[in-house]
Amino acid sequence: KMKRRIHFSFVLVYSLVSYFCLCSAFYLPGLAPVSFCEDGKGGDDCQTVIQLFVNRLDSVESVLPYEYDVFDFCKDDKEKRPSENLGQVLFGERIESSPYKFNFKQDVKCKAVCTKNYKKAEQQDKTKLDFLKMGMQLNYQHHWIIDNMPVTWCYDVEDGQKYCNPGFPIGCLVTADGRAKDACVINSEFNKKNTFYIFNHMDIKITYHSGASEGWRGARLVAATLEPKSIKQVDEKNPSCEGGSPMEVPGEFDNDLSIVYTYSVSFEEDNSIKWASRWDYILVSMPHTNIQWFSIMNSLVIVLFLSGMVAMIMLRTLHKDIARYNQVDQVKALLISPSEDAQEESGWKQVHGDVFRPPRKGMLLSVFLGQGTQIFIMTFITLFLACLGFLSPANRGALMTCAVVLWVLLGTPAGYVSARLYKTFGGEKWKTNVLLTALLCPGIVFADFFLMNLILWVEGSSAAIPFGTLVAILALWFGISVPLTFIGAYFGFKKAAIEQPVRTNQIPRQIPEQSFFTKPIPGIVMGGILPFGCIFIQLFFILNSIWSHQMYYMFGFLFLVFIILLITCSEATILLCYFHLCAEDYHWWWRSFLTSGFTAVYLFIYAVHYFFSKLQIIGAASTILYFGYTMIMVLIFFLFTGTIGFFACFWFVNKIYSVVKVD
């Protein structure tokens, strides 16, 4: 029977993960395909020109992204900038048109785009070239886009696998001691010391799916790849892209320099690739898809099994306690006279007269819980929509836009929860409560964000939020979120305080001497270990997507981990709360919040470890930005997990003291 149960549990977990993974592969229906036709055969429903767009450039060695134009590349004479949503602006994406334009199914061989000349006598040229060298030294990456799809650089890695990178480098550097850095290892000709090699030629291949046999006109693009090359042009008017020496940029700017940018493009038909699955070749090759899925599944089963054991122990122990206490009450009522009722109870029932005594700093706790409720609902809805595919990587900036809009619109639950709990705590300063709920935590996040933005402004980064966007964010906050918080608080204060199952004594009971493990700090520190153990694998992927600029698309599995985190935080907090009540310590309000909220401290420790062991970030500005944004994530996660633990413990304490008979 036990084997059947274990087998059934494993099949259930496997089915859930498979379902959520399928959800994550669902393509966003709002993005319609675009058809392309040969020149002379186009129309309103079929385009003939393929426009290549460029995005900001970023690096794994720096947190500072820069716009394409900053690096003095070839510019489009009629530059167009597609409208960007709030999420794209917050993430620093700056998409613009480029001079690279192709006619569908017309192959081009070695076409010159522009020539950039740098004169030694011109200080402005020296500054531009120095910035270009800095980009190559820090391995800044291009991000090109065709038909809303990244142009990838595919190359072989170890074990014969192919990795398709949605970005490709500006160039590379051979150091003064002859060490080839980054992409310089791909070509043995890149061997001159203290020399930069710029990739000034692109071999682009565009793959399309023909609609001739499927009843729709033209063709749809299903892949775009390129191979960057460094080629020095002898004759600028008649460029040659076959062989030749690489384009060198000396470390010392001693002579005038000319860089000719060229490209070649070819078209290939492949009807085996469907338009709806055209991102698959990129996602399949991402590093985090090669992880051992069996290991993740095994960890998931262990966590669920452990959670089940904790729940079973809690239910069995509580059932025995409640049965024993109720049996003692019946014996007292039938056999023992009131004068003989001197036997003292022990354990959690003994503190029934103090367990609902309002906590210290109840105002701050209610404010944290209101904000935590807002973040919890926002996170749940965002992950659910992402799991269904509505926030796929193809819809750029949609994830952040959705999260911000939801947070703004969820001010009412925050105000309601904060006001209702504050009234339950016996608070009377309702104006202060609602103002703190609306302004305290968002104010801390905005102040941190504004300071980070100042650094980005000073550094000239494209991630710096424009002043108009900052004003728009403030308008959303004070114009929508704050009024909604006031409305929620109004209804919260109008409702009666939450009725407690037992009365609170007038004189507080003295708490006995506690053992080491039932003292507040050890319990809080231990409480965050199990929840953090559930998320640290996904946390690695999330940090990779943020700081190493890798795509994250495993929202189905992330949603499942979110549910596991919810269960684990609740059960770990309930377990420790029960132990503390059995030790006759009734100060559980703040402790329940901090026990699961301490998971955020482990998140910060892991972020520090990730910074020093996984990243190659250099420079004071990038370091400050990393830890500044990390503190925002830690604060949000602290409120999120703390709220989960508090409400789980609040439900548990109300449940046990309402079930047991109290004299």
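The rules we used
- Residues numbered from 1 in each chain as written.
- Predicted model: local features only at pLDDT ≥ 70, side-chain atom pairs only at ≥ 80, totals over all residues.
- Heavy atoms only, no water.
- Pairing = 2+ DSSP bridges.
- Helix = DSSP H or I, 4+ residues; strand = E, 2+ residues; numbered from the N terminus.
- Axes fitted to C-alpha atoms, helices over the stretch in contact; angles between N-to-C directions.
- Contact = heavy atoms within 4.5 Å.
- Expected span 1.5 Å × (residues − 1).
- Buried < 20%, exposed > 50% of the residue type's maximum accessible area, 1.4 Å probe, protein only.
- 1 Å grid on protein atoms, 1.4 Å probe; cavity = no way out; pocket = protein on both sides within 12 Å on 5 of 7 lines; lining within 4 Å.
- Points joined across faces, edges and corners; volume = space filled by probe spheres on them.
- Nonpolar A, V, L, I, M, F, W, Y, C, P; charged D, E, K, R; others polar.
- Disulfide = S-S within 2.5 Å.
- Salt bridge = Lys/Arg side-chain N within 4 Å of Asp/Glu carboxyl O.
- Bend = angle between axes of the 7 residues up to and from the residue.
- Phe/Tyr/Trp six-rings, centres within 6.5 Å; stacked < 30°, edge-to-face > 60°.

A. Inspection of the sheet that holds strand 13 (residues 195-198) at higher detail. Strand order in the open sheet formed by three strands is 12-13-16, with antiparallel pairing between adjacent strands. The open sheet has two edge strands with one neighbour each: strand 12 (171-174) and strand 16 (248-250). Taking the axes of each pair of neighbouring strands and ignoring which way they run, one obtains an average angle of 25 degrees across the sheet. The pairing of strand 13 with strand 16 spans three bridges and is antiparallel. Note on strand 16: the bridge partner recorded for tyrosine 197 is glutamate 248. Docked against the sheet, helix 3 (residues 123-137) engages strand 12, strand 13 and strand 16, running at close to 85 degrees with respect to strand 13.

B. Examining helix 15 (residues 599-613) more closely. When the terminal C-alpha atoms of helix 15 are compared, their 21 Å separation across 15 residues agrees well with the 21 Å that a helix rising 1.5 Å per residue should span. Taken together, the buried positions of helix 15 are Thr599, Ala600, Tyr602, Leu603, Tyr606, Ala607, Tyr610 and Phe611. In the core, the buried residues of helix 15 are packed alongside helix 11 (520-527), helix 12 (529-547), helix 14 (589-597) and helix 16 (620-659).

C. Structural context of empty space enclosed by the protein. Applying the stated rule across the entire model yields three cavities of 30 Å³ or more. In this structure, the second largest cavity occupies an estimated 80 Å³ of space. Lining the second largest cavity are 14 residues; nearest its centre among them are Phe73, Tyr100, His142, Trp144 and Tyr261. Residues that form the lining of the second largest cavity fall into these classes: ten nonpolar, four polar and no charged.

D. Summary view of the state of the cysteines. Under the counting rule described, the total for this entry stands at five disulfides. A sulfur-sulfur separation of 2.0 Å characterises the disulfide bridge that pairs cysteine 172 with cysteine 184. On the sign convention where negative is left-handed, the bridge of cysteine 172 and cysteine 184, at about 90 degrees about the S-S bond, is right-handed. Taken together, the residues cysteine 172 in strand 12 and cysteine 184 in the loop between strand 12 and strand 13 connect sequence positions twelve residues apart. This pair shows no difference in class: cysteine 172 is buried, exactly as cysteine 184 is. Listing the disulfide partners of the protein by sequence rank of the bonded cysteines yields 1-2, 3-5, 4-10, 6-7, 8-9. Here cysteine 534 is not cross-linked by a disulfide; its sulfur's nearest cysteine counterpart is in cysteine 569, at 7.9 Å.

E. The arrangement of the pattern of salt bridges in detail. Under the defined criterion, the tally for this structure stands at 13 salt bridges. Where aspartate 72 meets lysine 116, a salt bridge forms, and the shortest distance between an N and an O atom there is 3.4 Å. In this pair, aspartate 72 sits in the loop between strand 3 (62-66) and helix 2 (86-90) while lysine 116 sits in strand 5 (residues 108-118), placing the two residues 44 residues apart along the sequence. Take lysine 116: its relative accessible area is 18%, and that puts it in the buried class. Between glutamate 96 and arginine 81 there is a salt bridge, with its nearest N and O atoms 3.1 Å apart. In this pair, glutamate 96 is assigned in strand 4 (residues 96-103) and arginine 81 in the loop between strand 3 and helix 2, connecting sequence segments 15 residues apart. A residue is classified by how much of its surface remains accessible, and glutamate 96, at 1% relative accessible area, is buried. Arginine 81 gets classed as partly exposed once you look at its relative accessible area, which sits at 41%. One salt-bridge network, in which partners are shared between bridges, spans Glu67, Glu79, Arg81 and Glu96.

F. Geometry of the sheet that holds strand 7 (residues 144-146). Strand order in the open sheet made by the four strands is 4-1-7-8, with antiparallel pairing throughout. Edge positions in the sheet fall to strand 4 and strand 8 (149-150), since each of these pairs with one other strand and no more. Alignment of strand 1 (residues 49-54) against strand 7, held across three bridges, turns out to be antiparallel. Note on strand 7: the bridge partner recorded for leucine 52 is isoleucine 146.

G. Layout of helix 9 (residues 430-459). Compared with an ideal rise of 1.5 Å per residue, which puts 30 residues at 44 Å, helix 9 spans 43 Å between its outermost C-alpha atoms and is within 8% of the ideal. Along helix 9, the largest kink reaches about 40 degrees and is centred on leucine 436. Of the positions making up helix 9, those classed as buried are Asn433, Val434, Thr437, Ala438, Cys441, Pro442, Phe446, Asp448, Phe449, Met452, Asn453 and Leu456. Looking one or two residues beyond helix 9, the residue adopting positive phi is glycine 460, at roughly 70 degrees.

H. Fine view of the packing of aromatic side chains. Counted according to the given criterion, the structure contains 62 aromatic pairs. Taken together, a centroid distance of 6.1 Å and an interplanar angle of 55 degrees make the contact between phenylalanine 384 and phenylalanine 559 tilted. Separated by 175 residues along the polypeptide, phenylalanine 384 in helix 6 (residues 362-387) and phenylalanine 559 in helix 13 (residues 555-582) bring together distant segments of the chain. Phenylalanine 384 gets classed as partly exposed once you look at its relative accessible area, which sits at 39%.

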